[in-house]
Each structure stands twice: as C-alpha cells, then as structure tokens.
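# Close look at the chain arrangement
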Amino acid sequence: MDEPQQDEPSQRDFAITAIFVVVIFFMRSIMCLATMIAAIVVGAMNLNTCPIQPYIPIYLIVFGVINILWLSMIFSKSKEGSNNRSTCLIILLDTFSLCWIIAGSCWIYSIYPPSYESGVDTYI
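To start, this report covers the structure provided alongside it. (Residues numbered from 1 in each chain as written. Predicted model: local features only at pLDDT ≥ 70, side-chain atom pairs only at ≥ 80, totals over all residues. Heavy atoms only, no water.)

## What to know about the overall build of the protein
Helix and strand counts for the protein stand at three helices and zero strands. Among the 124 residues that make up the protein, the fraction classed as buried is 16%. (Helix = DSSP H or I, 4+ residues; strand = E, 2+ residues; numbered from the N terminus. Buried < 20%, exposed > 50% of the residue type's maximum accessible area, 1.4 Å probe, protein only.)

Here is the structure:
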C-alpha cells in the first residue's frame with residue numbers, strides 16, 4: 001500500500017500563500033498609486049491658492065511624483081532584475097524622499113497649531 005505523499009499539501013499551501021502575497025502586494029501598490037495621484041491633483045488644484053503656506057501644494061506635487069517614480073523603478077527592477085543603475089536610482093529617490101518629507105513636515109508644522117479663537121478664520 002502506497003503512503004500518500006506529504007509534499008502535495010505543502011506545495012498547494014505554498015502556492016496559495018504566494019498568490020495571496022502577490023495579490024496583497026498589487027492591491028497595496030494600487031492604493032499607494034491612487035494616493036500619490038490624489039496628492040498631485042490636490043497640490044495642483046491649490047498651487048496658487050494656499051494662503052497660509054504656499055509650499056504645501058508644491059510639497060504634495062513633488063511628493064506624489066517622486067513616489068510614482070519610485071514605484072515604477074521598483075516594478076521595473078522586479079521585472080528586469082537587479083542592476084547597479086536602478087539600485088542607485090532607487091537609493092537616490094529614497095534619500096530625496098526622506099529629505100522631502102522632513103522639509104514638508106517643517107512647512108506643515110510651521111503653521112501648527114491653528115488659531116482656536118472663535119470668530120477668527122485665518123484660512124480664508
């Protein structure tokens with residue numbers, strides 16, 4: 001009497017897990033892409049109309065573009081394989097993104113906290 005193979009369920013479990021991870025990765029990437037497009041749109045719509053800190057719309061536009069470039073580099077690197085040029089560009093984008101987040105945080109929190117006085121509307 002042949003014993004059932006123990007490898008078949010583990011291969012099936014591995015395949016299910018791999019498919020689940022890939023689906024989650026692509027869903028997360030699509031959500032990130034949609035968020036970055038929204039940041040670009042909001043920044044572009046308010047480019048010359050932000051009365052308190054005019055750098056915030058610029059921050060949103062550049063942040064969205066840099067992260068879309070980063071996502072495209074990650075996808076192209078996974079399809080083409082790793083090379084030094086793409087790795088260096090990803091590191092450069094990561095470094096710029098970190099510096100840009102710090103700069104944007106300074107711009108945003110320089111106007112924080114808002115005025116809590118009743119009847120005073122500083123954002124119009």
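Following the structure, the description resumes.
## Looking at helix H3 (residues 84-109)
Taking 1.5 Å as the rise per residue, H3 with 26 residues should run 38 Å; its terminal C-alpha atoms sit 37 Å apart, in good agreement. Among the residues of H3, Ser86, Ile90, Leu93, Ser97, Trp100 and Gly104 are the ones counted as buried. (Expected span 1.5 Å × (residues − 1).)

## Thoughts on the packing of aromatic side chains
What the rule picks out here adds up to eight aromatic pairs. Ring geometry for Trp100 against Trp107: centres 5.5 Å apart, planes inclined by 85 degrees, an arrangement best described as edge-to-face. An aromatic cluster is built from Tyr55, Tyr59, Phe63, Phe96, Trp100 and Trp107, whose rings are joined through pairwise contacts. (Phe/Tyr/Trp six-rings, centres within 6.5 Å; stacked < 30°, edge-to-face > 60°.)

## Some thoughts on the side chain of Ser97
With respect to the helices and strands, the residue Ser97 is situated in helix H3. For Ser97, a relative accessible area of 13% translates into the label buried. Ser97 has contacts with Phe63, Ile66 and Asn67, leaving out every residue within four places of it along the chain. (Contact = heavy atoms within 4.5 Å.)

## Examining a nonpolar patch on the surface
Judged by side-chain polarity, Ile19, Phe20, Val21, Val23, Ile24 and Met27 come together as a nonpolar surface patch covering roughly 580 Å² of accessible area. By secondary structure assignment, the location of Ile24 is in helix H1 (residues 7-45). (Patch = residues over 30% accessible without salt bridge, like charges linked within 9 Å, V, L, I, M, F, W, Y side chains within 5 Å. Areas by Shrake-Rupley, 256 points an atom, 1.4 Å probe, with all protein chains shown as cover. Salt bridge = Lys/Arg side-chain N within 4 Å of Asp/Glu carboxyl O.)

## As for the environment of Ser76
Relative to the elements of secondary structure, Ser76 occurs in helix H2 (residues 55-80). Residue classification places Ser76 among the partly exposed positions, given a relative accessible area of 23%. Separated by 10 residues in the primary sequence, Ser76 and Ser86 have C-alpha atoms spaced 8.6 Å apart.

## Regarding the side chain of Gln53
Following the sequence through the fold, Gln53 ends up in the loop between H1 and H2. Residue Gln53 is classed as buried on the basis of its relative accessible area of 11%. Reaching out from Gln53, the side chain makes a polar contact with the side chain of Ser110 at a distance of 3.5 Å. Setting aside chain neighbours within four positions, we find Gln53 in contact with Trp107, Ser110 and Ile111. (Polar contact = N/O pair within 3.5 Å; in protein donor to acceptor, adjacent residues only side chain to side chain.)

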